[in-house]
Each structure stands twice: as C-alpha cells, then as structure tokens.
Amino acid sequence: IKECANLLEQSGQRLLRTISQVLDLSKLESRQMDVRMERLEVNTVCQRICDSMVHLAHEASLELIWKPNPDPIFVQADEYLIENIVLNLLNNAIKFTPKGVVTVAVRSRSVDGRAIAVVEVHDTGIGMSSKYLDKLFEPFSQESTGQARKYEGTGLGLSISREYARLMDGDIEVSSRAGKGSTFRLLLKLAV
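Described below are features of the structure shown in this document. Please read these numbers as outputs of a predicted model, since none were measured by experiment.

## Quick word on the packing of helix α2 (residues 42-59) against helix α3 (residues 79-95)
Two elements in contact, α2 and α3, have axes separated by 10 Å at closest approach and are oriented at 30°. Between α2 and α3, the angle falls in the class roughly parallel. The hand of the α2/α3 crossing is right-handed. Along the contact surface, α2 presents Val45, Cys46, Arg48, Ile49, Ser52, Met53, Leu56 and Ala57, while α3 presents Glu79, Ile82, Glu83, Val86, Leu87, Leu90, Asn91 and Ile94. Looking at the contact of α2 with α3 residue by residue, the classes come out as 11 nonpolar, two polar and three charged.

Take a look at the structure:
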C-alpha cells in the first residue's frame, strides 16, 4: 500500500509540473507573462535554491557543491523567473547524473565588452551528443524518445527556461559531451 501511495504521489507531482509548464508556455507564447524586474543579489537567490535541493541530490547519492561569487553580484531581473530557471537546470543536472557531482557556481564575466552575471550549473552526468544540442531548447524536445526512453519529462523545461532568460534580456548557454556531463550557464545583465 505504501508503494502505491508513493507512486500516486509521484505521478500527481509529475502531472502538476506538466500542467504548470504548459500554462507557462501558453503565457509565454501569448506574451502574457508578468515580468517584475528588480535589483537582486544572485548569490542569495542561488544559495536558497541550493539549500532547498540538497536533499534531492543526497537521495540520488550525489554531491551538490555550491560556489558563490566572493563578492555580491547584483542583477536587474525577476526573482520568480531566476528561481524557476535555476531550479529547472539543477533538477535536470540531478536527474541526468547517475553518480558524481553537481556544482552550482556564481561569477561574473565580460561578453561583448559588458560585464554580466553567470549562474553555472555543471554536472558529471550522461551529457548529450553534439547533434542534439541544436534541438535542445525546442519545446517537447528530448534526446531519447519513445517507450524505451530512460528519463521522464515533457521536454518543456529548457525551452521555457530560455524564454524566461530572454524576457530578462539574458540567455542560456550550454556545453556538453556524451558521457562527460553538461554545463548550463544562465547569463544575466548586471544591475546599474
């Protein structure tokens, strides 16, 4: 009975996430997403997210490493959108890493002569083939498909995350190698 209850709860949570993602995608496509830009300190937001995800990493027998920037980094962004992006990237990193380490790091770097904040989520997981990277941010896109696929999900999280980043005048970069892990970078404008 306990196994059935756990299975029902997990299925319900998956269904709720899927409905939420479809609603967010609908808001994005109809340009109805409410964006509240404010001055935020990135280390503080990411620390809170990492603290909330430690148990999930430990349940998966993974080490979650948090590397804040030594100095505060302030951005002009929407806190809800940042939280959703980083949570999605961190969830994916944990899901696609059967053993090893997931690292979240905050730093700044220069892009085209302007300083930006970078939230980097790196894992030692299964990685992706280079031919799939071009399709990665398309809605409903997954590298493995069909009944035989090993990992569950709708393929909406990354496309929504990129749209969220772009609503804040940011973006998401990715580098990955099959069998060697992946690194996702959320790029955000520094606050003036």
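Picking up where we left off.
## Some details on the nonpolar core
Ile82 and Leu90 are the most contacted members of the largest nonpolar core, which has 44 residues in total. Looking at this core, the element that brings in the most residues is α3, giving eight residues. Leaving out residues up to four positions away in the same chain, Ile82 has contacts with Leu40, Val45, Val75, Ala77, Met168 and Leu188.

## Notes on the sheet that holds strand β6 (residues 171-177)
Taken in spatial order, the five strands make up an open sheet running β2-β4-β5-β7-β6, and their pairing is mixed. Two strands lie at the open edges of the sheet, namely β2 (62-67) and β6, each paired on one side alone. Strand-to-strand twist in this sheet, taken as the mean axis angle between neighbours without regard to direction, amounts to 20°. Both strand β4 (residues 100-111) and strand β5 (residues 114-123) contribute to a ladder of 10 bridges, which runs antiparallel. The partner of Arg109 across the bridge, within β5, is Ile116. Sitting on the sheet, α2 is in contact with β2, β4 and β5, with an inclination near 170° to β2.

## A short note on helix α5 (residues 157-167)
Helical geometry note: an α-helix holds 3.6 residues per turn, so side chains three or four residues apart project in the same direction. With eight of its 11 residues buried, α5 lies for the most part within the structure. Among all positions of α5, only Gly157, Leu158, Ser159, Ile160, Ser161, Arg162, Tyr164 and Ala165 are buried. Following α5 by one or two positions, Asp169 adopts a phi angle in the positive range, close to 65°.

## A closer look at the state of the cysteines
Per the stated rule, a full pass over the model turns up zero disulfides. Cysteine Cys46 remains unbridged, with the sulfur of Cys50 as its closest cysteine sulfur at 6.5 Å. Overall, the relative accessible area of 0% leaves Cys46 in the buried class.

## Section: the packing of aromatic side chains
This structure, assessed with the given rule, holds zero aromatic pairs. Sitting over the face of the ring of Phe74, Arg39 holds its NZ or CZ atom 4.2 Å from the ring centroid.

## Let's talk about the pattern of salt bridges
Counted by the stated rule, this structure contains nine salt bridges. For Glu79, the salt bridge goes to Arg48, with nearest N and O atoms at 2.4 Å. In this pair, Glu79 is assigned in helix α3 and Arg48 in helix α2, connecting sequence segments 31 residues apart. Assessed through its relative accessible area of 24%, Glu79 is described here as partly exposed. Between Glu120 and Arg107 there is a salt bridge, and its shortest N-O distance comes to 2.9 Å. Placement of Glu120 in strand β5 and of Arg107 in strand β4 is noted, with a sequence separation of 13 residues between them. A relative accessible area of 18% places Glu120 in the buried class. Residues participating in the shared-partner salt-bridge network are Arg48, Glu79 and Glu83.

So, how was this worked out
Residues numbered from 1 in each chain as written. Predicted model: local features only at pLDDT ≥ 70, side-chain atom pairs only at ≥ 80, totals over all residues. Heavy atoms only, no water. Axes fitted to C-alpha atoms, helices over the stretch in contact; angles between N-to-C directions. Helix = DSSP H or I, 4+ residues; strand = E, 2+ residues; numbered from the N terminus. Parallel < 35°, antiparallel > 145°, perpendicular 65-115°, else oblique. Left-handed = near helix turned anticlockwise from the far one by under 90°. Contact = heavy atoms within 4.5 Å. Nonpolar A, V, L, I, M, F, W, Y, C, P; charged D, E, K, R; others polar. Core = buried A, V, L, I, M, F, W, Y, C linked by side-chain atoms within 4.5 Å. Buried < 20%, exposed > 50% of the residue type's maximum accessible area, 1.4 Å probe, protein only. Pairing = 2+ DSSP bridges. Disulfide = S-S within 2.5 Å. Phe/Tyr/Trp six-rings, centres within 6.5 Å; stacked < 30°, edge-to-face > 60°. Lys NZ or Arg CZ within 6 Å of the ring centre and 35° of its normal. Salt bridge = Lys/Arg side-chain N within 4 Å of Asp/Glu carboxyl O.

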